[in-house]
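Structural description and commentary
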Amino acid sequence: MNPYAKLTFSLSLVLGTVITISSNHWVAAWTGLEINTLAIIPLISKSHHPRAIEAAIKYFLVQAAASTLLLFSSMINAWHTGQWDITQLNHPTSSLLLTTAIAMKLGLVPFHFWFPEVLQGSPLITALLLSTVMKFPPISILFLTSHSLNPTLLATMAIASAALGGWMGLNQTQIRKVLAFSSISHLGWMSIVLIYNPKLTLATFYIYCIMTGAIFLSLNTTKSFKLSTMMISWTKTPVLNTTLMMTLLSLAGLPPLTGFLPKWLIIQELSKQEMAAPATIIAILSLLSLFFYLRLAYYSTITLPPNPTNLMKQWYTNKPANTLIATLSSMSTLLLPLSPMILALI
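Taking an unreviewed UniProt entry as the reference, the chain is identified by name as NADH-ubiquinone oxidoreductase chain 2 belonging to Adelomyia melanogenys. Under the UniProt heading Subcellular location (unreviewed entry), the entry covering the chain gives this text: "Mitochondrion inner membrane". In the Sequence similarities (unreviewed entry) part of its UniProt record, the chain is described as follows: "Belongs to the complex I subunit 2 family."

Structure follows, in structure tokens:
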């Protein structure tokens, strides 16, 4: 892709995100979401592979439908209340339509079908953008409207997302699909606590972005797309694979790593709100995700040559250290001792 075109699309992504998260008018937020959608589509389809083109078309159709629903929801609310302010979402039908639209944009169950396919058809860096940056504007809209949403609906979608994200990831061999189902599962954790503590949802999203960024950038360095190629990447970058294993375990939510912090705080918040049953269910469902994270960690580090694989062994290459990966990996594993400071910020 032409560097100037890539720069234009990247700046458009930043512009669309900033417009949406800084707006208090529904039309401005919708405009930002549309700019984001149109900017990411060329980045998905830049390889011109049939799978990439298919992913771009699926992404466009789903996002267009979700944007239409969001605009329809805001128009119904404006019709009944005379308000275009995002925080004044008072009509129940508008609230239901908005929840549906944002669930489609994020990939929450039952509107999750497009997400693994689109991620599988995208390059790793674009998949990273789809998993992190593209989810920020919809989550910021949920943050602003959290007081108006239906708690039963959100809790049901959250538990279903945690269950399906864990269950469907068990049988995958493509790493991008595994990380897509991981994202769906984490969105379930963010949604279940949204109404009771919106700031905790945002903090969980930030920590998830740090961990996912470290994983995608590490995979992009070793060019690992499948479990079979992950098995032989140790010979190429042993230190990077070790940090990748730690980051995967952190994403699974194991103490004493960073990923344990949001899950601990969410279960604590749900217990305070007398939601012990949903907290227990979602904690048990996280064991499903733990299995495939452990499998990825096992393939990345513990499975060493000689191993049964049809792929050519990679030569060890002494590449210069990537500061961004080092920073994100450190934050993904070592932030738990700083939890009092993080709690003070929340």
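1. Some details on the UniProt feature "transmembrane region" (unreviewed entry) in the chain
Annotation from UniProt places "transmembrane region" (unreviewed entry) at residues 56-76, 96-115, 152-171, 178-196, 202-219, 239-257, 277-300 and 321-345. The distance separating the terminal C-alpha atoms of residues 96-115 is 22 Å; by composition the span is 65% helix and 0% strand. The distance separating the terminal C-alpha atoms of residues 202-219 is 26 Å; by composition the span is 100% helix and 0% strand.

2. Some points on the domain arrangement of the chain
Here the domain parsing of the chain yields domain 1 (1-122) and domain 2 (150-345). Using C-alpha coordinates to define each centre, domain 1 is positioned 24 Å away from domain 2. The interface of domain 1 with domain 2 comprises 17 residues on the first partner and 19 residues on the second. Buried surface at the junction of domain 1 and domain 2, both sides included, amounts to about 1,500 Å², of which 72% is carbon and sulfur. If you sort the residues of domain 1 by the area they bury against domain 2, Leu108, Val109 and Gln120 come out on top, with a joint share of 39%. For the interface between domain 1 and domain 2, the tally reads one salt bridge. Where domain 1 meets domain 2, there are five residue pairs in polar contact (both at pLDDT 80 or more). Looking at the side of domain 1 that touches domain 2, the elements that each hand over two or more residues are helix H4 (92-106) and helix H5 (114-121). Its residues assigned to classes, the side of domain 1 that touches domain 2 comprises 10 nonpolar, six polar and one charged.

3. Let's talk about the environment of Tyr293
By secondary structure assignment, the location of Tyr293 is in helix H14 (residues 276-302). Classification of Tyr293 by relative accessible area gives buried; the value is 0%. Between the C-alpha atoms of Tyr293 and Ser250, which are 43 residues apart in sequence, the distance is 9.2 Å. Dropping the residues within four chain positions of it, Tyr293 is found in contact with Ser182, His186, Leu248, Leu251 and Ala252.

4. Overview of the side chain of Asn241
With respect to the secondary-structure elements, Asn241 resides in helix H12 (residues 238-251). Here Asn241 falls in the buried class, since its relative accessible area comes to 2%. Here Ser300 takes part through its backbone oxygen, which lies 2.7 Å from a polar atom of the side chain of Asn241.

5. Things to note about the environment of Phe9
By secondary structure assignment, the location of Phe9 is in helix H1 (residues 3-22). On the accessibility criterion, Phe9 (22% relative accessible area) is partly exposed. Look past the residues within four positions of Phe9 in its chain and what remains in contact with it is Met1, Ala39, Pro42 and Leu43.

6. Structural notes on the packing of H4 against helix H7 (residues 136-144)
The contact between H4 and H7 brings their axes to 9 Å, and the two run at 155°. Considering their axes alone, H4 and H7 lie roughly antiparallel with respect to each other. Crossing of H4 over H7 shows left-handed handedness. Only Pro138, Ile139, Ile141 and Leu142 of H7 make contact with H4, whose side of the interface consists of Leu98, Ile102, Lys105 and Leu106. Partitioned by chemical class, the residues of the contact of H4 with H7 number seven nonpolar, no polar and one charged.

Cut-off values and rules
- Residues numbered from 1 in each chain as written.
- Predicted model: local features only at pLDDT ≥ 70, side-chain atom pairs only at ≥ 80, totals over all residues.
- Heavy atoms only, no water.
- UniProt positions renumbered as here; feature names shortened; annotations may be inferred.
- Helix = DSSP H or I, 4+ residues; strand = E, 2+ residues; numbered from the N terminus.
- Domains from an automatic or database assignment.
- Contact = heavy atoms within 4.5 Å.
- Buried area = accessible area lost by both parts, 1.4 Å probe.
- Salt bridge = Lys/Arg side-chain N within 4 Å of Asp/Glu carboxyl O.
- Polar contact = N/O pair within 3.5 Å; in protein donor to acceptor, adjacent residues only side chain to side chain.
- Nonpolar A, V, L, I, M, F, W, Y, C, P; charged D, E, K, R; others polar.
- Buried < 20%, exposed > 50% of the residue type's maximum accessible area, 1.4 Å probe, protein only.
- Axes fitted to C-alpha atoms, helices over the stretch in contact; angles between N-to-C directions.
- Parallel < 35°, antiparallel > 145°, perpendicular 65-115°, else oblique.
- Left-handed = near helix turned anticlockwise from the far one by under 90°.

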